[in-house]
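Observations on the model geometry
Below are the chains, spelled out letter by letter.
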Amino acid sequence: MLHTFFSHVNRALRAEKAYAHCDIPCGIYDPHGAQLAAMTVLRMVNLMDGLAMPSVNQAEMETYANSLNRYTATKEQHAELCKKELLILWGDYFRPEHLEKYPDLHTTFWTAVKLAGQSKQKVDAKVAQDLIGAVQKVAEIFWATKGASVKRQASLQPVGGEIVVPVPA
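This write-up is about the structure you can find in this document.

Criteria and cut-off values
Note that residues are indexed from 1 along each chain, following the sequence as it is written. Side-chain atom pairs in this predicted model are given and counted only at pLDDT of 80 or more, local residue features only at pLDDT of at least 70, and totals for whole chains, interfaces and linings cover all residues. Each side-chain value is worked out from all heavy atoms of the structure, with water and hydrogens disregarded. Secondary structure elements follow DSSP: runs of H or I of four or more residues count as helices, runs of E of two or more count as strands, with numbering from the N terminus. Whether two residues touch is decided by their heavy atoms; if any such pair falls within 4.5 Å, the residues are in contact. The protein chains shown are the only cover counted for residues, whose accessible areas, like all others here, come from Shrake-Rupley with a 1.4 Å probe. We place a 1 Å grid over just the protein atoms. Points where a 1.4 Å probe fits but has no way out form a cavity, open points with protein on both sides within 12 Å along at least 5 of 7 lines form a pocket, and any residue with an atom within 4 Å of a point lines it. Grid points are joined across faces, edges and corners, and a volume is the space filled by probe spheres set on the points. Ten residue types, Ala, Val, Leu, Ile, Met, Phe, Trp, Tyr, Cys and Pro, are classed as nonpolar, four, Asp, Glu, Lys and Arg, as charged, and the remainder, Gly among them, as polar. Axis definition: a line fit to C-alpha positions, over the contact stretch in the case of helices; interaxial angles, taken between N-to-C directions, run 0 to 180 degrees. We call two directions roughly parallel when the angle between them is under 35 degrees, roughly antiparallel when it is over 145, roughly perpendicular when it lies between 65 and 115, and oblique otherwise. How far a helix is expected to stretch is found by multiplying one less than its residue total by 1.5 Å. Each residue is assigned to one of three classes by its accessible area relative to the maximum for its type, calculated with a 1.4 Å probe on protein chains only: buried under 20%, partly exposed between the two thresholds, exposed over 50%. For salt bridges, the criterion is a side-chain nitrogen of Lys or Arg within 4 Å of an Asp or Glu carboxyl oxygen. Two rings belonging to Phe, Tyr or Trp (six-membered ring only in the last case) form a pair when the distance between their centres is within 6.5 Å. Interplanar angles under 30 degrees mark stacking, angles over 60 mark edge-to-face geometry, and anything in between is tilted. Whether a charge sits over a ring comes down to the Lys NZ or Arg CZ being within 6 Å of the ring centre and within 35 degrees of the ring normal.

1. Regarding the overall build of the chain
Broken down by element type, the chain carries six helices and two strands. When the elements of the chain are put in sequence order from the N terminus, they spell out α-α-α-α-α-α-β-β. Counted over contacts in the chain with a minimum sequence separation of 6, partners at least 24 positions apart contribute 64%. Of the roughly 10,800 Å² of accessible surface on the chain, a fraction of 57% belongs to carbon and sulfur atoms.

Okay, here's the thing in structure tokens:
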């Protein structure tokens, strides 16, 4: 009976479709998360490269295996997080007018997302560094669409490098 009542109410009070640029129209977007995730990927690759091969000592082998597994899992998680953050920006924030102003926008994102995927597949510092560069390019374009100028400042992270931030007006 309740179902019938609500069916009549729904027919009588037709709602208009709402359109939003994201799943929840919060309007809060920032490439910072993608930049940090990319830096974490590089950090994990560096830590993996720095692991000393263990001797036949059981405790050393277990420590090595544990560290390698943890670094690998973290690298994978942050490469995936980087992809997710990029895809949110690409799919929810950027609009056709941005593509007109930045005609290489799709290629820029495609490259960054592919590098994040390669970072999951490999332990390669160059790929991880290229990922950071691609994400920085996305960040520069993102802030430009908001009318902000940007600067690259020292990240102060163990991997060094720079992070792209907007310059307050």
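So much for the structure itself; the text now carries on.
2. A closer look at empty space enclosed by the protein
Taken as a whole and assessed by the stated rule, the structure comprises one cavity of 30 Å³ or more. Estimates place the volume of the largest cavity at around 30 Å³. Of all elements in the fold, only α2 (32-49) and α6 (125-145) reach the threshold of two or more residues within the lining of the largest cavity. Looking at the lining of the largest cavity, its residues break down into four nonpolar, two polar and one charged.

3. Section: the packing of α2 against α6
At their nearest, the axes of α2 and α6 sit 9 Å apart, and the two run at 170° to each other. When the axes of α2 and α6 are compared, the pair comes out roughly antiparallel. Together, Ala34, Gln35, Ala38, Met39, Val41, Leu42, Val45, Asn46 and Asp49 of α2 and Ala125, Ala128, Gln129, Leu131, Ile132, Val135, Gln136 and Ala139 of α6 make up the contact between the two elements. The class makeup of the residues in the contact of α2 with α6 is 12 nonpolar, four polar and one charged.

4. Section: α2
The first and last C-alpha atoms of α2 sit 26 Å apart over 18 residues, in line with the 26 Å expected at 1.5 Å per residue. Within the sequence span of α2, burial applies to Ala34, Gln35, Ala37, Ala38, Met39, Val41, Leu42, Met44, Val45 and Met48. On its buried face, α2 sits against α3 (58-93), α5 (105-121), α6 and β2 (162-167).

5. Quick look at the environment of Ile28
Looking at where Ile28 falls in the secondary structure, it is placed in the loop between α1 (2-12) and α2. Distance from Ile28 to Tyr93, taken between C-alpha atoms, is 9.1 Å for residues 65 residues apart in sequence.

6. Section: the pattern of salt bridges
Going through the model one piece at a time under the given rule, you end up with seven salt bridges. A salt bridge links Lys126 to Asp130; its shortest N-O distance comes to 3.0 Å. Residue Lys126 and its partner Asp130 are both found in helix α6; the two are separated by four residues, about one turn of the helix.

7. Looking at the packing of aromatic side chains
Going through the model one piece at a time under the given rule, you end up with seven aromatic pairs. Geometrically, the ring pair formed by Tyr93 and Phe94 is edge-to-face, given 5.0 Å between the ring centres and 85° between the ring planes. One exposure class covers both Tyr93 and Phe94, and it is buried. Between Tyr93 and Phe142, the aromatic rings sit 4.8 Å apart at their centres with planes inclined by 55°, giving tilted as the arrangement. Of this pair, Tyr93 sits in helix α3 while Phe142 sits in helix α6, placing them 49 residues apart in sequence. Put simply, the rings of Tyr29, Trp90, Tyr93, Phe94, Phe109, Phe142 and Trp143 touch in pairs and so form one group of aromatic residues. Arg95 extends its terminal NZ or CZ atom over the ring of Tyr93, reaching a point 5.6 Å from the ring centre.

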